[in-house]
Amino acid sequence: QVQLVEFGGGLVQAGGSLRLSCVAYGDITSINYMGWYRQAPGKQRELVASITSTLGTTYAESVQGRFTISERYDKNMVFLQMNSLKPEDTAVYYCNGEVSSSLPEKRVAVYWGRGTQVTVSS
């Protein structure tokens, strides 16, 4: 069983910064992909940033130049550094990953965290 847990959200003023972290728990053999999504009230969930070892990083246009995704797959972790935050960044941020695990059986699957709230005040 694999669980993804996000932390680091909170309330910040516009122009401020937050660093989100995601930790994958379980009998993990490898992490193939991890990314961050967000969902604001009344809106669809959208990709914010993603990272793979072979393909590098991708970012939503709306966060390009402000957010940076990084990984420590050796620690089963991924991070999202968010700078120059804007009120429109307010959303629940979700960690997403494609994870290989061995228990209860060998498998490769996509998992979602439960989300962490980011609120940016004007």
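Residues numbered from 1 in each chain as written. Predicted model: local features only at pLDDT ≥ 70, side-chain atom pairs only at ≥ 80, totals over all residues. Heavy atoms only, no water.

One pass over the full model with this rule turns up one aromatic pair. Seen from their ring centres, Tyr-37 and Trp-112 are 4.9 Å apart, and the 65° between their planes marks the pair as edge-to-face. Here Tyr-37 is found in strand 4 (residues 28-39), whereas its partner Trp-112 is found in strand 10 (residues 107-112), with 75 residues between them in sequence. Note on Trp-112: relative accessible area 39%, which makes it partly exposed. A cation over an aromatic ring shows up here: Arg-45 above the ring of Tyr-94, its NZ or CZ 3.7 Å from the ring centre. Across the ring face of Trp-112, the terminal group of Arg-45 is positioned such that the distance to the ring centre comes to 4.8 Å. (Phe/Tyr/Trp six-rings, centres within 6.5 Å; stacked < 30°, edge-to-face > 60°. Helix = DSSP H or I, 4+ residues; strand = E, 2+ residues; numbered from the N terminus. Buried < 20%, exposed > 50% of the residue type's maximum accessible area, 1.4 Å probe, protein only. Lys NZ or Arg CZ within 6 Å of the ring centre and 35° of its normal.)

Turning to the environment of Leu-18, a few remarks are in order. In this fold, Leu-18 is placed in strand 3 (residues 18-25). Residue Leu-18 is classed as buried on the basis of its relative accessible area of 13%. Sequence spacing of Leu-18 and Leu-85 is 67 residues, and the spatial spacing of their C-alpha atoms is 8.2 Å. Contact partners of Leu-18, with chain neighbours within four places excluded, come to Gly-8, Gly-9, Gly-10, Val-12, Leu-80, Gln-81, Met-82, Leu-85 and Val-118. (Contact = heavy atoms within 4.5 Å.)

The next thing to look at is the state of the cysteines. For the structure on display, the rule yields one disulfide. Residue Cys-22 pairs covalently with Cys-95 via a disulfide, S to S 2.0 Å. Torsion about the S-S bond of the Cys-22 and Cys-95 cystine: about -85°, corresponding to left-handed handedness. On the criterion of sequence distance, the pair formed by Cys-22 in strand 3 and Cys-95 in strand 9 (residues 91-101) is long-range, its members being 73 residues apart. Neither Cys-22 nor Cys-95 differs from the other in exposure class; each is buried. (Disulfide = S-S within 2.5 Å.)

Here the focus is the side chain of Arg-38. Note on placement: Arg-38 falls in strand 4. A polar contact of 3.3 Å, which involves the side chain of Arg-38, links it to the side chain of Ser-62. Among the polar contacts listed, one links the side chain of Arg-38 to the side chain of Asp-89, at a separation of 2.9 Å. Not counting residues within four places of it along the chain, the set of residues in contact with Arg-38 comprises Gln-44, Arg-45, Glu-46, Val-48, Ser-62, Val-63, Phe-67, Glu-88, Asp-89, Ala-91, Val-92 and Tyr-93. (Polar contact = N/O pair within 3.5 Å; in protein donor to acceptor, adjacent residues only side chain to side chain.)

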